[in-house]
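# Notes for the structure review
One letter stands for each residue in the lines below.
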Amino acid sequence: MALHTDRPRFGTLLTAMVTPFTAAGELDLDAARALARKLVDDGCDGLVVTGTTGETSTLTDEENVAMFKAVVEEVGDRAAVVAGSGTNDTRHSINLSRMAKEAGVDGLLLVTPYYNKPSQAGIQAHFEAIADAVDLPVMLYDIPGRSVKPIETETIVALSKHPNIVALKDAKGDLMETTKVIAQTDLDIYSGEDGLTLPLLAIGAIGLVSVTAHIAAPQYRTMIDAVANGDLATARKAHADIDPLQRAVMSHLQGAVASKTILQRQGVLPTAHVRLPLVEPTDAELAPVLADLAEGGLHL
């Protein structure tokens, strides 16, 4: 396992940012800049722009690039900006990744090709083709719950030998397999499952890419720093404090829907608009979210 003595290139606390829209459904770059600034002020040292939570599948390439540029311009001197440029089309992913590099991002988040259900050889070839074509550091994103196909451990180990593939966002939920990855590679491991952040940090992850960090970045910062300093008691307390907030964001609604609704109620975003096929929640759907937030001390 690699020892991470220097600050990781992507940071340790990254929010998977929502993409703000106006009430008419247009991109709201002013709101995006303000949100990016707030998240960094709250303790994030990295941001993922137009990933899954950023509704990338309903954005045009021009909108993706506009988001990359806006966030780089706003906080690029204070935090790493990682572009969610992976799709299930390798050529499209290469083109969008090249545009992301031109926009000034620090790295790429590449999700497992979804829907197509490729073999492990196809998954490996997909990632290697993008990493060959674009000279930026890459964070792989392993999330079988969305992509259907996992990145098997042997494939991750093989991909780790590519000089541009440097990190893994792990949302597989299998600590035994993650332990093998940590033991067999030098990849920087990030929790991609908010509720498993502390266990993953305990076995060697260096941080997380979080949706709940929209509303809990200071608490996550406390947890990450406590683990780094060997203070398990403080990390456990932060884990417990965050739990109801994680449930509010991740258990009842799709993450972008929950995050935008909460951020609007906090006055952080002017609207909670999401693009179809996502829709805003009904009062009944929102009730358990508000209950969990209240349990976590956030009354909206």
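In this text the structure is predicted, and so the values were computed from the model without any measurement. (Residues numbered from 1 in each chain as written. Predicted model: local features only at pLDDT ≥ 70, side-chain atom pairs only at ≥ 80, totals over all residues. Heavy atoms only, no water.)

## Digging into the UniProt feature "binding site: pyruvate" (unreviewed entry) in the protein
According to UniProt, the feature "binding site: pyruvate" (unreviewed entry) maps to Thr53 and Val209 in the numbering used here. Spatial clustering of the annotated residues is evident: they stretch over 157 residues in sequence, but the largest pairwise C-alpha distance comes to 10.9 Å. Here Thr53 is to be found in the loop between strand E2 (46-49) and helix H2 (61-75). Residue Thr53 is classed as buried on the basis of its relative accessible area, which comes to 9%. As for its placement among the helices and strands, Val209 is situated in strand E8 (residues 207-210). In this structure Val209 comes out as buried when scored by relative accessible area, which is 2%. Apart from the residues lying within four places of it in its own chain, the contact partners of Val209 are Leu14, Ala16, Val48, Met139, Lys169, Tyr190, Ser191, Gly192 and Asp194. (UniProt positions renumbered as here; feature names shortened; annotations may be inferred. Helix = DSSP H or I, 4+ residues; strand = E, 2+ residues; numbered from the N terminus. Buried < 20%, exposed > 50% of the residue type's maximum accessible area, 1.4 Å probe, protein only. Contact = heavy atoms within 4.5 Å.)

## Digging into the sheet that holds strand E7 (residues 188-191)
Within a sheet, neighbouring strands are paired by backbone hydrogen bonds and run either parallel or antiparallel to one another. Taken in spatial order, the eight strands of this closed barrel run E1-E2-E3-E4-E5-E6-E7-E8, and their pairing is parallel. Averaged over all adjacent pairs, the angle separating strand axes in this sheet is 25 degrees, with direction ignored. When strand E3 (residues 80-84) meets strand E4 (residues 107-111), the two strands line up parallel, connected through three bridges. Looking at E4, one finds that Val82 is bridged to Gly107. (Pairing = 2+ DSSP bridges. Axes fitted to C-alpha atoms, helices over the stretch in contact; angles between N-to-C directions.)

## Remarks on the side chain of Thr178
Structurally, Thr178 is set in helix H7 (residues 175-184). Discounting residues that sit within four places of it in the chain, Thr178 has contacts with Asp170, Ile189, Leu200 and Ile203.

## So, the UniProt feature "site: Part of a proton relay during catalysis" (unreviewed entry) in the protein
When the UniProt feature table is mapped onto this chain, "site: Part of a proton relay during catalysis" (unreviewed entry) is found at Thr52 and Tyr115. These annotated residues cover 64 residues of sequence, and their C-alpha atoms all fall within 14.4 Å of one another, placing them together at a single site. One can find Thr52 in the loop between E2 and H2. For Thr52, the contacting residues outside a window of four places in its chain are Tyr141 and Arg146. Following the sequence through the fold, Tyr115 ends up in the loop between E4 and helix H4 (120-133).

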